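# Fold and geometry: a report
Given next are the chains, with one letter for each unit.
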Amino acid sequence: MNHWLFKTEPSTYSVEDLMREANQTCTWDGIRNYQARNFIRDQMEVADEILLYHSRCTPTAVVGLAKVVRSAYPDPAQFDHTSPYYDAKSPADNPRWLCVDIQFMNKFITPVTLEVIKKTNVLNDMVLVKQGRLSIQPVTATEYKAVVKFGLG
DNA sequence: GCCAACGTTGGC
DNA sequence: GCCAACGTTGGC
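Residues numbered from 1 in each chain as written. Chains lettered and ligands numbered in written order. Predicted model: local features only at pLDDT ≥ 70, side-chain atom pairs only at ≥ 80, totals over all residues. Heavy atoms only, no water.

Per the secondary structure count, chain A includes 5 helices and 6 strands. Along chain A, helices and strands appear, N-terminal first, in the series β-α-β-α-β-β-β-α-α-β-α. Taken over the C-alpha trace, chain A has a radius of gyration of 15 Å; the compact-globule value for 153 residues is 15 Å, and the two agree within 12%. Overall, the C-alpha framework of chain A stretches about 45 × 30 × 30 Å when taken along its three principal axes. Just so you have it, chain A exposes about 8200 Å², and 50% of that area is on carbon and sulfur atoms. (Helix = DSSP H or I, 4+ residues; strand = E, 2+ residues; numbered from the N terminus. Rg over C-alpha atoms; globule rule 2.2 N^0.38 Å. Areas by Shrake-Rupley, 256 points an atom, 1.4 Å probe, with all protein chains shown as cover.)

This part takes up the packing of aromatic side chains. All told, the structure shown has 4 aromatic pairs when counted by the stated rule. Ring geometry for Trp4 versus Phe39: centroids 5.6 Å apart, planes at 55°, classification tilted. Of the two residues, Trp4 sits in strand β1 (residues 3-8) while Phe39 sits in helix α2 (residues 34-43), which places them 35 residues apart along the sequence. Residues Tyr34 and Trp97 carry aromatic rings whose centres are separated by 4.8 Å and whose planes lie at 35° to one another, so their mutual orientation is tilted. Here the residue Tyr34 occupies a position in helix α2, and Trp97 occupies one in the loop between β4 (61-74) and β5 (98-113), the gap between them amounting to 63 residues. Three or more aromatic residues joined by ring pairs make a cluster, and in this case those are Phe6, Tyr13 and Trp28. Positioned above the aromatic ring of Tyr73, the side-chain terminus of Arg70 is 3.4 Å from the ring centre. (Phe/Tyr/Trp six-rings, centres within 6.5 Å; stacked < 30°, edge-to-face > 60°. Lys NZ or Arg CZ within 6 Å of the ring centre and 35° of its normal.)

As a further point, take the protein's contact with DNA strand B. Residues in contact with DNA strand B, as listed here, are Asn33, Tyr34, Arg56, Lys89 and Arg133. Looking at the surface near DNA strand B, its residues break down into 1 nonpolar, 1 polar and 3 charged. (Near = heavy atom within 4 Å. Nonpolar A, V, L, I, M, F, W, Y, C, P; charged D, E, K, R; others polar.)

This part takes up the pattern of salt bridges. Tallying each qualifying case throughout the model produces 7 salt bridges. The closest approach of N and O atoms between Arg32 and Asp75, which form a salt bridge, is 3.0 Å. With Arg32 in the loop between β2 (25-28) and α2 and Asp75 in the loop between β4 and β5, the pair connects residues that are 43 residues apart, well separated along the chain. Taking relative accessible area as the criterion, Asp75 reaches 0% and is therefore assigned buried. Where Arg41 meets Asp42, a salt bridge forms, and the shortest distance between an N and an O atom there is 2.8 Å. According to the relative accessible area criterion, Arg41 is partly exposed, its value standing at 46%. (Salt bridge = Lys/Arg side-chain N within 4 Å of Asp/Glu carboxyl O. Buried < 20%, exposed > 50% of the residue type's maximum accessible area, 1.4 Å probe, protein only.)

Such coordinate-based values are descriptive only and should not be taken to indicate function.
Put into structure tokens, the structure is as follows:
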């Protein structure tokens, strides 16, 4: 099983929004970055566990957990003219962008802030710290366990 | 809201 | 296929 970190801006979509969805499940659409797309396509599987991270807010932090409940399929938003994620250049017979469905698992008692992650030895090599702009990124099992321990402990 | 970092686009 | 221009992300 793989572990991931998904970023979201809480002003657009937050962990609380996910908790209010039917079955606490949503489609994680709108990923428009090839590196992130390739992770979804090549490595993401049902039951993979996800750290949900709130970006562009105060404080930026991992705020909860989710899991993959449907593996990669074409992102419907790329073909929807009314969507901000519409992509006129994506061929219908070979969709450029993929998405997964995720289900809420847990909301942290204590959000694990970027500040703490940077200060913690087992966490400060996370892709989050090294590669600031990647919105879907792999997390090692060790990193995952450490973040969960902070968040739920 | 600013702006540095960095990914993408497109002319050549 | 290089790289300047442009657009977006995200910490602060």
